[in-house]
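# Chains, contacts and geometry: an overview
So you can see what is in the structure, the chains are spelled out below.
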Amino acid sequence: MGGLMLANNIQSIMTREVISLQTGTPLKEAITQMSSKNISCIIINQDSRPLGIITERDLLKIAAQDKDINQLKVEEAMTAPIKTVSHNMDIYQAAVYLEKHHFRRIVIVDDEGKLLGLVTQTDLKNHLGAAYYVTFKPLSSIMTTDVITAEHNENLLQLIQRMNRHNISCIVICKNLQPIGIISERDVTHLLDTPEKIHHLTAEEFVRAPLITIPCQTTIYEAAKLMKDNNIRRLVVMGSQNELIGVVSESDIVKHLEVDYLDHLRGIVERDRTYINTIKEGILECTPGEDGFITWINQAGTKVLGYSEPDKIVGRKIKELFVNPEDFTRLLTVIQEKEIANDFTTVLKKRSGKQIHIEGTFYHVKGEDGKIACLEGTLRDITDRKKMEEKLNKYSDALEKKVRERTAQIRRQNKELERMNARLHELSVQDGLTGLKNFRYFSRILEMEFKRAERYEQPLSCIILDIDDFKFINDRFGHMAGDLALKETAAILKKLVRDTDVVSRYGGDEFTVILPSTDLERARVVGNKILDYFRDFQLMKGQQVLGKISLSIGLAALPNKDIKTHQQLLEFADRAMYRAKEHGKNNVCTCLELS
């Protein structure tokens with residue numbers, strides 16, 4: 001664990017050269033400093049004392065509001081009041097403090113409250129070392145799965161506003177459902193140095209390539225090393241099907257510190273034991289048996305037991321030193337069975353009566369005749385270590401309780417987020433009037449089915465339907481009657497096709513149907529089936545008969561040598577539908593009938 005000692009305080013790893021500005025400084029100066037020096041924050045001082053802090057998150061909010069940064073002062077953007085900690089804080093307490101308050105950095109002050117330095121999550125991670133917080137756990141145990149994504153052609157200002165609205169530090173940019181880059185708060189800071197780009201660039205034009213992605217089986221250690229080697233703070237995590245499943249950041253890794261803090265303290269105890277084993281130990285010798293008495297003891301052992309001179313203890317029965325005499329009997333039994341009692345622990349009484357915890361190695365020494373001549377052993381006072389272990393156990397209980405509570409809270413939050421995300425996804429792909437899937441969903445599914453049909457050489461058909469004279473219905477009976485016609489048509493189409501077919505509202509009074517594994521002739525049968533149904537259908541508004549509905553239907557299908565893309569498949573179906581209208585409406589026309 002890098003040779004760390006528990007006594008290390010936060011001052012030993014802090015950054016002393018902290019960039020700070022006085023109140024009244026133009027915000028533009030802070031942005032330029034952060035961008036040019038590639039730093040995550042600037043401290044705002046007043047009378048040499050930290051008054052506030054400007055972070056990348058604060059600049060993200062300013063960018064999202066599209067304010068004129070040339071008119072702002074630093075105090076209008078800073079977060080205040082600022083939380084500070086003493087330079088004497090322990091490093092491991094600092095790690096827990098960061099996670100508890102959801103901070104990315106700690107501002108360090110001296111005894112007078114004046115700015116001394118800054119410690120970030122990166123400082124802690126680099127100082128503590130990968131072995132401190134990493135086992136061979138996979139990234140899936142700590143990564144963020146609720147990832148916000150955006151399309152590659154979206155405007156930067158819209159993305160920044162979305163980041164601010166969701167209070168997130170980054171957004172993943174995708175193209176054809178695959179991640180191509182990340183835009184982070186740090187990127188927004190650089191953008192603010194040339195704010196005109198925010199309005200004119202798209203996400204794809206701005207993202208920095210190449211994007212580093214890693215499989216979900218990667219360990220936390222490997223991810224941390226990859227971040228350090230590439231000087232980055234986030235990695236995109238991909239699933240077994242090469243799909244985006246999460247993002248892991250330095251913040252996620254530092255949060256992991258709290259969970260592993262207990263194991264780390266246990267490690268400290270073990271290192272302390274190794275250290276104590278290297279110093280001069282107490283050594284004693286006594287006659288064998290239950291009634292054995294001390295025949296010799298060194299100066300170190302004399303001091304451990306609270307005596308001024310060895311002569312003051314020589315001649316005493318060794319059993320009388322034991323707080324629990326049964327421990328001495330147990331010691332003799334262990335030596336008899338194993339010949340040596342390594343790391344044997346017990347409680348002894350010092351001369352003053354004070355009880356101390358002792359650890360030592362005890363064994364019998366045999367004479368030339370093979371008989372047991374004496375008992376020898378070492379004495380190490382581990383009272384302080386035992387106190388540490390007791391504190392560790394108390395901390396362990398408190399930590400385990402906190403972990404259970406937080407785990408339950410996170411599960412509740414995740415469940416609610418899953419429900420909300422499912423609802424948002426449903427709304428994003430559903431037509432509000434008819435309840436059918438919308439054009440966005442239709443386009444994505446058509447592309448997927450087209451690729452699947454080409455890969456497995458399967459037929460695929462696409463139908464476009466248009467309600468004939470729909471404007472007449474609106475003009476004569478009103479838009480409510482037009483809406484009724486659209487909803488009734490949608491319901492009938494859903495009823496007439498298979499569960500595997502995809503019915504959607506294309507726009508206005510047009511509908512589409514995707515027919516997987518269906519050739520052109522079978523699609524024509526479906527089209528005629530739809531026409532036949534509507535010939536007997538009467539549109540009703542209450543008891544009022546509004547009239548009949550007729551449709552013009554266009555079909556296109558694979559295989560077709562002239563159709564190379566899913567867009568062309570849709571285009572051929574659309575042209576066939578207009579040809580159906582030209583032939584008197586209320587009929588079916590296929591792509592083969594196009595001149």
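So, a few notes on the structure that sits alongside this text. (Residues numbered from 1 in each chain as written. Predicted model: local features only at pLDDT ≥ 70, side-chain atom pairs only at ≥ 80, totals over all residues. Heavy atoms only, no water.)

### Thoughts on the overall build of the chain
Along the backbone of the chain there are 19 helices and 24 strands. In the chain, which comprises 595 residues, the share counted as buried stands at 46%. On the chain, roughly 31,100 Å² of surface is accessible, and the fraction owed to carbon and sulfur atoms is 49%. (Helix = DSSP H or I, 4+ residues; strand = E, 2+ residues; numbered from the N terminus. Buried < 20%, exposed > 50% of the residue type's maximum accessible area, 1.4 Å probe, protein only. Areas by Shrake-Rupley, 256 points an atom, 1.4 Å probe, with all protein chains shown as cover.)

### Re the nonpolar core
Membership of the largest hydrophobic core comes to 56 residues, with the highest contact counts inside it found for Leu465, Ile530, Leu551 and Ile553. If one sorts the elements of this core by residue count, helix α17 (residues 479–496) sits on top with seven residues. Residues contacting Ile553, with those up to four places away along its chain left out, are Ile463, Ile464, Leu465, Gly527, Ile530, Leu531, Ala576, Met577, Ala580, Asn587, Val588 and Cys589. If you look at the next biggest cluster of nonpolar residues, it comprises 36 residues, including Leu27, Leu60, Val188 and Val207. (Core = buried A, V, L, I, M, F, W, Y, C linked by side-chain atoms within 4.5 Å. Contact = heavy atoms within 4.5 Å.)

### Quick word on helix α6 (residues 156–166)
An α-helix turns once every 3.6 residues. As a result, residues three or four positions apart point the same way. Among the residues making up α6, those that are buried are Leu156, Leu157, Leu159, Ile160, Arg162 and Met163. Phi turns positive one or two residues past the end of α6, at Asn167, with a value near 55°.

### Concerning the packing of α17 against helix α18 (residues 520–535)
Between α17 and α18, the shortest axis-to-axis distance is 11 Å and the interhelical angle comes to 130°. The angle between α17 and α18 places the two elements in the oblique class. α17 and α18 meet at a crossing whose hand is right-handed. In this structure, α17 contributes Thr489, Ile492, Leu493, Lys495 and Leu496 to the contact, and α18 contributes Lys529, Ile530, Tyr533 and Phe534. Of the residues that constitute the contact of α17 with α18, the class distribution is six nonpolar, one polar and two charged. (Axes fitted to C-alpha atoms, helices over the stretch in contact; angles between N-to-C directions. Parallel < 35°, antiparallel > 145°, perpendicular 65-115°, else oblique. Left-handed = near helix turned anticlockwise from the far one by under 90°. Nonpolar A, V, L, I, M, F, W, Y, C, P; charged D, E, K, R; others polar.)

### Comments concerning a positive patch on the surface
On the surface, Lys354, Lys387, Lys391 and Lys394 cluster together into a patch of positive charge. Mapped onto the secondary structure, Lys354 falls in the loop between β15 (340–349) and β16 (355–366). Using a relative accessible area of 52% as the deciding quantity, one classes Lys354 as exposed. (Patch = residues over 30% accessible without salt bridge, like charges linked within 9 Å, V, L, I, M, F, W, Y side chains within 5 Å. Salt bridge = Lys/Arg side-chain N within 4 Å of Asp/Glu carboxyl O. Lys, Arg positive; Asp, Glu negative; His and termini not counted. Charge placed at Lys NZ, Arg CZ, Asp CG, Glu CD.)

### Considering unusual backbone geometry
Each neighbour pair has its own omega, and for Ala80 with Pro81 the value is -5°, a cis peptide bond. Position of Pro81 relative to the elements: it lies in the loop between α2 (56–64) and β4 (84–86). Cis geometry is adopted by the peptide bond preceding Pro559, which originates at Leu558 and carries an omega value of 5°. By the secondary structure assignment, Pro559 is in the loop between β23 (551–558) and α19 (566–582). Within the chain, Asn176 stands out as a residue other than glycine whose phi angle is a positive 55°. Residue Asn176 is classed as exposed on the basis of its relative accessible area, which comes to 58%. Despite not being glycine, Glu339 has its phi angle at roughly 70°, a positive value. In this fold, Glu339 is placed in the loop between α13 (325–338) and β15.

### So, the sheet that holds strand β3 (residues 49–55)
Either a parallel or an antiparallel arrangement is found when strands of a sheet pair, and the pairing is made through backbone hydrogen bonds. Strand order in this open sheet of three strands is β1-β2-β3, and the pairing throughout is mixed. At either end of the open sheet lies a strand with only one pairing partner, and these are β1 (20–22) and β3. Strand-to-strand twist of the sheet, defined as the mean angle between neighbouring strand axes without regard to direction, takes the value 35°. Across six bridges, the pairing between strand β2 (residues 41–46) and β3 is antiparallel. Note that in β3 the partner of Cys41 across the bridge is Thr55. (Pairing = 2+ DSSP bridges.)

### Points about the pattern of salt bridges
Here the idea is simple: oppositely charged side chains can pair when their charged atoms come close. For the structure on display, the rule yields 30 salt bridges. With a closest N to O distance of 3.9 Å, Lys114 and Glu112 form a salt bridge. Overall, the relative accessible area of 32% leaves Lys114 in the partly exposed class. A cluster of three or more residues bridged by salt bridges with shared partners is formed by Asp343, Glu359, Arg380, Arg385, Lys386 and Glu389.

### Describing the sheet that holds β16
Strands sit in the order β14-β13-β17-β16-β15 across an open sheet of five strands; the sheet is antiparallel. The open sheet has two free edges, formed respectively by β14 (294–297) and β15, since each of these has just one partner strand. Neighbour-to-neighbour, the strand axes of this sheet turn through a mean angle of 30°, independent of strand direction. Direction of pairing for strand β13 (residues 282–286) relative to strand β17 (residues 372–381): antiparallel, over a ladder of five bridges. Note that in β17 the partner of Leu284 across the bridge is Gly377. Of the strands in this sheet, β15, β16 and β17 touch α13, which is tilted by about 175° from β15.

### Brief notes about the environment of Thr302
Topologically, Thr302 is positioned in helix α12 (residues 299–304). Considering only alpha carbons, one finds Thr302 and Leu284, 18 residues apart in sequence, at a separation of 9.0 Å. Discounting chain neighbours no more than four positions away, the residues touching Thr302 are Ile297, Tyr307, Ser308, Glu309 and Pro310.

### Some points on the packing of aromatic side chains
For the coordinates displayed, the defined rule picks out seven aromatic pairs. Seen in terms of ring centroids, Phe439 and Tyr506 are 5.2 Å apart; in terms of plane orientation they differ by 80°. Their pairing is edge-to-face. Residue Phe439 is found in helix α15 (residues 439–456), and its partner Tyr506 is found in strand β19 (residues 502–507); the two are separated by 67 residues along the sequence. Taking 5.8 Å as the distance between ring centres and 75° as the angle between the ring planes, the aromatic pair formed by Phe534 and Phe537 counts as edge-to-face. Look at Phe534 and you get buried, because its relative accessible area is 2%. Looking at Phe537, the relative accessible area reads 13%, which means it is buried. Each residue in the set Phe439, Phe442 and Tyr506 is aromatic and connected to the rest through ring pairs, giving one cluster. The ring of Tyr441 has Lys437 lying over it, and the distance from NZ or CZ to the ring centre is 5.0 Å. Residue placement shows Arg575 over the ring face of Phe572; its charged tip is 5.3 Å from the ring centre. (Phe/Tyr/Trp six-rings, centres within 6.5 Å; stacked < 30°, edge-to-face > 60°. Lys NZ or Arg CZ within 6 Å of the ring centre and 35° of its normal.)

Remember, this is a structural readout, not a statement about activity or role.
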